[in-house]
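# Tertiary structure, described
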Amino acid sequence: MKIASPGALWFLLLLFPIVLILIRSYGFGRHDLRVLGGRWQREELGNVYLVKSFFSGLFFCLFFTFAVLSLAGISWGQTPAEDDRAGLDIVIAIDVSRSMLAEDVKPSRLDRSRDIIRGLLRELPGTRYGIAVFKGSGAAVIPITEDRLSIESLMDYLSPAMLTAPGTNIESGIDTALSMFPSATGRFRAMILFSDGEAQDGNPYAAADRATKDGIPIFTVVAGTTQGSTVPLPDGQVVRDGSGRPIESRANIGVLDDISQVTGGVSVQLTDPGVFSELLSALQRHAGSRSTGGFTLADVPRYRIFLGLALMFLVFSLGIRVVKWKNTF
Amino acid sequence: MWILENPSALLLFLLLPIAIYLRHFWKGRGGKLIFPFHVWHGSGFLPLHRGLSFANGTAVLSFWIGVSILIAAVAGPATVQRERIYLNRGIDIMIVLDESPSMATQDITPGNRFEAAKEMVKSFIANRENDPVGLVGFGSQAVLRVPPTLDYRAVDSALDSMRVMELGDGTAIGLGLSVAILHLDAATATQKIIVLLTDGENNDGEILPVTAAQIAREKGIKIFAIGIGRSDPAPLEYTDPNTGKTYRGIYSGGFDEAGLRQIAEISNGTFFYAGSKGTLASVFRNIDSLATVERRVRIQVRTHEQYQLFILLGAGLVLLDFLLRKWALREVL
């Protein structure tokens, strides 16, 4: 089962105020019926009112729950779909923030990322690559091209000095990389995100949602460890906070895992000795085995089931109120 | 264009009048309190609570519009976009542009040779669709500005950022061609061309233009050499990007026509002379017609589902009805 927009599930929190309003409304209703006096004070009518209020409220809550589930874009199962794409376009988004100089991955997070990219350039024949870098903001450095020589040349210049914007904004990095893909292409598309996941700005999940909508899976490469390490400076010192204590940079595996999962990619760890082959085979699977004889397996969206249930419960909620019970209310 | 992926779901709209009747007009409906509100046989009265009437009307409208939108969402609203997909590879084109100071000569109006060349290159690129275009700049040195790409915005942006004299005051035509050849070499295109724009003679760099042209021929790359400007004296003005100092003077000197002809002939390309902006434009039109390949195209229809927008709007309106009834109007049931 896949959820295209997991962020939509936050709307379920609205159920709490809805329930509170229902309880408040029931309390006021009982009070108003008593004030009216006469037959409206009878116990039997009070019971009918309680039952109708309860079920009407319950069905309304179920309506809301299923409406939110349909909004989340849940899908399960796969169906063959026509797909005659061939070839692969990859945009590599590289975090060049200072924390990428940390040496918890040897020789450093950035150097190891560079090695993996160089390795990829030698594999996957016919693949076109583009390069985006990001820190506090993203920048497209090399547009999608067949010319691997220009990308290899760039590898030597990857450093935090490439961009002036401080901080780390993964959202901006993903958005920049997304903007580099041509809109009309008969090729498979994928993004590889090299980062330690330490985002200080932006909302990476929103960018991941946009990638999902564009049908671009993000393969994340976790550069760093959860134990972390200090960040060395060119003069041999380490980065320190305001009080002079060395800053430890730790990889945020969770956010990178989530990005890959939401977009249909794979997450690999730079510390893993088999990281290169894992990443390579994931990319080959994406561009190769999914498409067989002009067909591919596409996820089947199931929002109609949830939306149908939501409408059904809304009708029930309305019906409970409309149908007269025991010839009273 | 909007479409519905499951239009049969619109049949649910047939149930809507029944539901509206049952909720608002059915006399036997439950959940309502009936009690006398006027004196026996009197005319009664209607309290004028405009705010409440407005809130009630808004709630009712919100609810039914919301339900209608949710029914429309079940029908699978989507937008479709038709895109042209090229099934074969276009021509790889590398623009090699002279950035030497003489390109600032103002004998091509408006602006100067360099600005006119940039403008013409831009309009040339704007007419391409499936041909990867790259950009090399040269002065005393030569650098790859953009590798061959279909991302024409990147080429445009690189052209905008190019400045006269950025790469020194020499004219290393051979070096510029070599960098272009190096980056075209691995391309899988069946046709590769270099468009060389220069106004001078080769006077710098380790590689002779003729040698570069021979390599190009071996690699199957054609060179279209364009000589820009006239040899008559003309004003020249440029700012050195390294020092910020502005230079002005009168420049007289033209390109090496024989050298450029030789380069074009060796590589099976063509030489063009562009003495004005108009002729430069016609030169690019000529190259357009010379550098063509058969294009096989298929139209791809891309569908973008829009149901989330409908659900958000529909459920939001139903929720608004709920809040108005239960909170503002204090509805009993």
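Residues numbered from 1 in each chain as written. Chains lettered and ligands numbered in written order. Predicted model: local features only at pLDDT ≥ 70, side-chain atom pairs only at ≥ 80, totals over all residues.

## As for the overall build of chain A
Applicable threshold: Strands are runs of DSSP state E lasting at least two residues, helices are runs of H or I lasting at least four, and both sets are numbered from the N terminus onward. Between the two quantities, the radius of gyration covers C-alpha atoms and the globule rule is 2.2 Å times the number of residues to the power 0.38. As a rule, residues whose C-beta atom has 12 or fewer other C-beta atoms within 10 Å are exposed, those with 20 or more are buried, and those in between are partly exposed; C-beta atoms are placed from the backbone. Here the contact rule is simple: place C-beta atoms from the backbone, and any two residues whose C-beta atoms are within 7 Å are in contact.
Scanning chain A for helices and strands turns up nine helices and twelve strands. Here the C-alpha atoms of chain A give a radius of gyration of 27 Å, more than 25% beyond the 20 Å that 2.2 N^0.38 yields for 329 residues. Reported as C-alpha extents along the three principal axes, the dimensions of chain A are approximately 90 × 60 × 30 Å. Sorting the 329 residues of chain A into buried and exposed places 42% on the buried side. Sequence separation of at least 24 residues holds for 82% of the intrachain contacts in chain A that already meet a minimum separation of 6.

## What about the overall build of chain B?
Of the regular secondary structure elements, chain B holds nine helices and eleven strands. Expected size for 333 residues packed as a compact globule is a radius of gyration near 20 Å; at 35 Å, chain B overshoots this value by more than 25%. Counting only C-alpha atoms and orienting by the principal axes, one finds that chain B spans roughly 115 × 45 × 30 Å. Looking at the 333 residues of chain B, the share that counts as buried comes to 41%. By sequence separation, contacts in chain B at least 24 residues apart represent 82% of the contacts at least 6 residues apart.

## A word on the pairing of strand β11 (residues 297-305) of chain B
Residues and elements named next belong to chain B. Quick reminder of the rule: When DSSP finds at least two bridges between two strands, those strands are taken to pair.
Here β11 lies mainly on the outside; zero of its nine residues are buried. With nine bridges connecting them, strand β2 (residues 77-86) and β11 associate as antiparallel partners. Bridged to Ala78 within β11 is Glu305.

## Focus on unusual backbone geometry
The linkage connecting Lys106 of chain A with the following residue, Pro107 of chain A, adopts the cis geometry, with an omega of -5 degrees. Relative to the assigned elements, Pro107 of chain A resides in the loop between β3 (88-95) and α3 (109-122). At Leu124 of chain A, a residue that is not glycine, the phi angle is positive and equals roughly 45 degrees. Among the structural elements, Leu124 of chain A can be located in the loop between α3 and β4 (128-134). The exposure class of Leu124 of chain A is partly exposed, given the 17 C-beta atoms found within 10 Å. Despite not being glycine, Met165 of chain B has its phi angle at roughly 80 degrees, a positive value. Relative to the elements of secondary structure, Met165 of chain B occurs in the loop between α4 (152-161) and α5 (173-184).

## Some thoughts on the interface of chain A and chain B
The condition is simple: Under the grouping applied here, Gly and all other residues not named as nonpolar or charged are polar, the nonpolar ones being Ala, Val, Leu, Ile, Met, Phe, Trp, Tyr, Cys and Pro and the charged ones Asp, Glu, Lys and Arg.
The interface of chain A with chain B comprises 47 residues on the first partner and 42 residues on the second. Broken down by secondary-structure element, the contributors of at least two residues to the side of chain A that touches chain B are α1 (15-36), α2 (43-71), β5 (138-145), α4 (148-155) and α9 (303-322) of chain A. Examining the composition of the side of chain A that touches chain B, we find that nine residues originate from one element, α9 of chain A, more than from any other. In terms of residue class, the side of chain A that touches chain B is made up of 26 nonpolar, 13 polar and eight charged.

## A short note on the pairing of strand β5 (residues 142-149) of chain B
Residues and elements named next belong to chain B. Of all eight residues making up β5, six are buried, and the element is well covered by its neighbours. Across five bridges, strand β4 (residues 133-138) lies against β5 in antiparallel orientation. Counterpart to Leu135 in the pairing with β5 is Val146. What sits between β4 and β5 in their antiparallel hairpin is a turn of three residues.

## Digging into helix α5 (residues 170-179) of chain A
With nine of ten residues buried, α5 of chain A is to be regarded as a mostly interior element. Tucked into the core, α5 of chain A has its buried residues touching β3, β4, β5, β6 (188-195), α6 (204-214) and β7 (218-222) of chain A.

## Points about the nonpolar core
The condition is simple: Here, a nonpolar core means buried Ala, Val, Leu, Ile, Met, Phe, Trp, Tyr and Cys residues linked by C-beta atoms lying within 7 Å of one another.
Of all hydrophobic cores here, the largest spans 126 residues; its most connected members are Met191 of chain A together with Val96, Leu177, Ile194, Val195, Ile223 and Phe224 of chain B. Ignoring anything within four residues of it in the chain, the contact list for Ile223 of chain B reads Leu177, Ile194, Leu196, Ala213, Ala216, Ile263, Ala264, Ser267 and Gly269 of chain B. Within the second largest apolar cluster, 41 residues are counted, among which are Leu69, Leu311 and Phe313 of chain A together with Ile69 of chain B.

## Some remarks on the confidence of the model for chain B
Residue and element names in this part refer to chain B. What counts, and what does not: The predictor attaches a confidence to each residue, and that confidence, scored 0 to 100, is pLDDT.
Summing up the model confidence of chain B, the mean pLDDT is 88 and the portion of residues at 70 or higher is 95%. Of all secondary-structure elements in chain B, the lowest mean pLDDT belongs to helix α8 (residues 277-290), at 79, while β4 reaches the highest, 96. Overall fold confidence (pTM) sits at 0.74, and the ipTM for the predicted complex is 0.72.

## Details of the environment of Thr230 of chain A
Residues and elements named next belong to chain A. In this fold, Thr230 is placed in strand β8 (residues 229-230). The sequence separation of Thr230 and Tyr157 amounts to 73 residues, and the corresponding C-alpha distance is 22 Å. In contact with Thr230, not counting residues within four places along its chain, are Ala102, Val238, Pro246, Ile247 and Glu248.

## A word on the sheet that holds β11 of chain B
Pairing between sheet strands relies on hydrogen bonds along the backbone, with the strands arranged either parallel or antiparallel. All names here are of chain B. Under the convention used in this document: Fitted lines through C-alpha atoms give the axes, limited to the stretch in contact for helices. The angle between two N-to-C directions lies from 0 to 180 degrees.
Read from one edge to the other, the open sheet built from three strands follows the order β1-β2-β11, with strand pairing classed as antiparallel. Whereas interior strands pair on both sides, the edge strands pair on one side only; in this sheet they are β1 (2-4) and β11. Here the strands of the sheet are splayed against their neighbours by 45 degrees on average, with no regard to which way each runs.

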